[in-house]
Amino acid sequence: MTLVAGIDSSTQSCKVLLVDADSGAVVESARADHPDGTEVDPRAWWAALSQAGAGLLERADAVAVGGQQHGMVVVDADGEVVRPALLWNDTRSAGAARDLTEELGGPGAWADAVGLVPVASFTVTKLRWLARHEPANADRVDQVMLPHDYLTWQLAGRPDEPVTDRGDASGTGYWSAATNAYRPDLLRLGFGRELGVPRVAGPAEVVGTTASGAALAAGTGDNMGAALGLTLEPGDVVVSLGTSGTAFAVSESPVADASGLVAGFADATGRHLPLVATLNAARVLSAAATMLGTDLAGLDRLALEAEPGAGGMVLLPYLDGERTPDLPDATGSLVGLTRAAMTPANLARAAVEGMLCGLADGVDALAAQGVVVERVLLIGGAARSAAVRAVAAQVFGTPVVVPAAGEYVARGAARQAAWALSGAAAPPAWPLDVEATTQPRGGGEHVREAYAAARIRLHG
Ligand SMILES: Nc1ncnc2c1ncn2[C@@H]1O[C@H](COP(=O)(O)OP(=O)(O)O)[C@@H](O)[C@H]1O
Ligand SMILES: O=C(CO)[C@@H](O)[C@H](O)COP(=O)(O)O
């Protein structure tokens, strides 16, 4: 049996799957936690990968890494980390994002140049922040990489030339998915000088060899990994509820949305991946559970006891600031409180509804860019929740498909590894098992209207 390993180095943890390259069946898996916080020493990700991968990576013939997007990993001329990485959910570069947008001539100029409008998540804004706030650290920087690039580089034994892929490069703000090329002028605009960037490898390229002799594929960003792991069809939109909430679809043509709602990323197969991301997803539910003095199962029970609309209570879940809509300094709000509405069940329901309404707005933004939405595939940690599944069927207004429990980013990375190993023209055809499909349920319109009214009243 040929075995391949897929890695998902995400915000909260590192997951490793050992997979049969022919069938896609998972043979073994492991995970290790990542430190909390919005800046993290990349060596902690390497330690987590070494721990989770022990006993698995050695058995694989090929390996690939999917990683959280956008994080700024900066290394010096000796390859040593200059400072902790700033993650995708670190909002300190919001001012840099505004400055960069203006300096290039506004949102439309950025959308045309690289398919996205700067917000604090994107790497180019983090480089600007570093150049302005930590000049001594900035002076030492020789190369900038993304989290998955850093881990791929470590797995390859730290070669002279780090490698990335189209998917992850498209989230930097200095690489264009439309032209497949870096924009050194935008990198200079961000950082103020030249610096090294990884070579962008092809989708099925073997880019190196691991210490145990496995072929190393290019890897990709975690959302691109999930798209590859799910084998998306036209009409499929993925809603991923992990630390971030994302809504995305595979597209044949690039997207340039000057409103900034949809980012025009690339996918991991040579196509495109228009995507909307929020900063607040699964952890809205754990925070609400803590507030209610219960656990995730208790939150689920309470939310399912309440009526749709939570008695008029609306949670705007901007607990970590927000990226879409672009409100980096926002905090969450609970509105529509009445004596009758103020029950634990309604609060639980409002948390689930608020989180999902933000994503439903994202699905609408994708549709406005021409994405065909026939069904929603729900993945990520919070897709395990029965309340989330029930509310999703209301607010998305399409069939909601929950794939069989699994780590789809790691599976996508494994599929990329199998593809690179095979030398074939297309990735292997791995079947997708579905756990549940829910048909659209009524009652979602008034939930979305109440959410939109609260958002407009408080944030414009
Ligand atoms: N049954 C559940 N209900 C709600 N949230 C859940 C459930 N199971 C896991 N989660 C949440 O999912 C999150 C982890 O999801 P995951 O997709 O692995 O995130 P990431 O990839 O960002 O690290 C955690 O915040 C966890 O609390
Ligand atoms: O910033 C984005 C997408 O643009 C996030 O989706 C990150 O890629 C982190 O992902 P998770 O850890 O939530 O999976």
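These numbers were taken from a predicted model, which means no experiment stands behind them.

Turning our attention to the pairing of strand 2 (residues 13-20). In the case of a regular strand, side chains alternate between the two sheet surfaces. Within strand 2, eight of the eight residues are buried, which leaves the element mostly enclosed by the surrounding structure. Covered by surrounding structure in strand 2 are S13, K15, L17 and V19 together with C14, V16, L18 and D20, the residues of both alternating faces. Summarising the sheet, strand 1 (residues 3-9) and strand 2 pair through seven bridges and their orientation is antiparallel. Paired with L3 across the bridge in strand 2 is D20. Hairpin remark: strand 1 followed by strand 2, antiparallel, with three residues in the connecting loop. Remark: five residues form the turn of the hairpin made by strand 2 and strand 3 (residues 26-33), two consecutive strands paired antiparallel; G24 in that turn has positive phi of roughly 85°.

Among the structural elements, L334 can be located in strand 21 (residues 333-335). The class of L334 is partly exposed, set by a relative accessible area of 30%. Put simply, L334 and V314 are 20 residues apart on the chain and 5.7 Å apart in space, counted from C-alpha to C-alpha. Those residues in contact with L334 that sit more than four places away from it in its chain are M313, V314, L315 and L347.

A few words on the site of ligand 1. Lining the immediate environment of ligand 1, one finds 16 residues, of which S10, Q12, K15, T243 and G381 sit closest. Here T243 contributes a side-chain N or O atom positioned 2.5 Å from an oxygen atom of ligand 1. Within the complex, the protein chains bury 76% of what would otherwise be the 580 Å² of accessible surface of ligand 1. Listed by contribution, the elements that provide at least two residues to the shell around ligand 1 are strand 2 and helix 10 (282-291). No other element matches helix 10, which puts three residues into the shell around ligand 1. Looking at side-chain class alone, the shell around ligand 1 contains four nonpolar, nine polar and three charged residues. Split by domain, the residues of the shell around ligand 1 number at least three in each of domain 1 (3-218) and domain 2 (231-398 + 430-459).

Turning to helix 15 (residues 444-459), a few remarks are in order. An α-helix turns once per 3.6 residues; consequently, residues spaced three or four apart project the same way. With 16 residues, helix 15 extends 22 Å between its outermost C-alpha atoms, agreeing within 8% with the 22 Å of an ideal straight helix rising 1.5 Å per residue. Looking at helix 15, one finds that the buried residues are G444, V447, R448, Y451, A454 and R455. Looking straight down helix 15, one finds its buried side chains confined to an arc of 130°; they lie on one side. Those residues of helix 15 that are exposed and aimed more than 90 degrees away from the buried face are E445, E449 and R457. Next to the buried residues of helix 15 lie strand 20 (314-316), strand 21, helix 12 (344-368) and helix 13 (386-395). A positive phi of about 85° marks G460, the residue just after helix 15.

You can see S13 is positioned in strand 2. Side chain to side chain, S13 and R31 meet in a polar contact 3.3 Å long. Contacts of S13, omitting those with residues within four sequence positions, involve D8, R31, A32, D33 and H34.

This brings us to the site of ligand 2. The local shell around ligand 2 holds 14 residues, among which T11, H70, D222, S244 and R323 are the closest. Between ligand 2 and T11 there is a distance of 2.5 Å, counted from an oxygen atom to a side-chain nitrogen or oxygen. Relative to its free-state accessible area of 380 Å², ligand 2 is covered by the protein chains to the extent of 95%. Residues of the shell around ligand 2, tallied by class, amount to three nonpolar, nine polar and two charged. A domain-level breakdown of the shell around ligand 2 finds at least three residues from each of domain 1 (3-218) and domain 2 (231-398 + 430-459).

So, about helix 4 (residues 123-133). Counted residue by residue, helix 4 has eight buried out of 11 residues, so it is predominantly covered. Among all positions of helix 4, only T123, V124, T125, K126, L127, R128, W129 and L130 are buried.

A few words now on the UniProt feature "domain: Carbohydrate kinase FGGY C-terminal" (unreviewed entry) in the chain. Mapped onto this numbering, the UniProt entry annotates "domain: Carbohydrate kinase FGGY C-terminal" (unreviewed entry) at residues 238-421. In the segment residues 238-421, helix accounts for 38% and strand for 18%; the C-alpha atoms at its two ends are 27 Å apart.

The next point concerns unusual backbone geometry. In this chain, T324 is followed by P325 through a cis amide linkage whose omega measures 0°. Look at T231: it is not a glycine, yet its phi comes out positive at around 50°. The partly exposed category is assigned to T231, whose relative accessible area is 30%.

When the domains of the chain are assigned, the result is domain 1 (3-218) and domain 2 (231-398 + 430-459). One C-alpha centre belongs to domain 1, the other to domain 2, and the line joining them spans 26 Å. Roughly 2200 Å² is buried in total at the junction of domain 1 and domain 2, and carbon and sulfur atoms are behind 59% of that figure. Of all residues in domain 1, the largest losses of buried area upon contact with domain 2 belong to Q12, W88 and R166, amounting jointly to 21% of the total for that side. For the interface between domain 1 and domain 2, the tally reads one salt bridge. D36 is the partner of R283 in a salt bridge, and the nearest nitrogen-oxygen pair spans 3.5 Å.

Within this structure, the stated rule accounts for 26 salt bridges. When the shortest N-O distance is used, the salt bridge between R188 and E194 registers 2.7 Å. For E353, the salt bridge identified is with R349, shortest N-O distance 3.1 Å. Of this pair, E353 and R349 both sit in helix 12, four residues apart, which is roughly one turn of that helix. Side by side, E353 and R349 carry an identical accessibility label, which is buried.

About the cut-offs
Residues numbered from 1 in each chain as written. Chains lettered and ligands numbered in written order. Predicted model: local features only at pLDDT ≥ 70, side-chain atom pairs only at ≥ 80, totals over all residues. Heavy atoms only, no water. Buried < 20%, exposed > 50% of the residue type's maximum accessible area, 1.4 Å probe, protein only. Helix = DSSP H or I, 4+ residues; strand = E, 2+ residues; numbered from the N terminus. Pairing = 2+ DSSP bridges. Contact = heavy atoms within 4.5 Å. Near = heavy atom within 4 Å. Polar contact = N/O pair within 3.5 Å; in protein donor to acceptor, adjacent residues only side chain to side chain. Areas by Shrake-Rupley, 256 points an atom, 1.4 Å probe, with all protein chains shown as cover. Nonpolar A, V, L, I, M, F, W, Y, C, P; charged D, E, K, R; others polar. Domains from an automatic or database assignment. Expected span 1.5 Å × (residues − 1). Arc of directions from axis to C-beta. UniProt positions renumbered as here; feature names shortened; annotations may be inferred. Buried area = accessible area lost by both parts, 1.4 Å probe. Salt bridge = Lys/Arg side-chain N within 4 Å of Asp/Glu carboxyl O.

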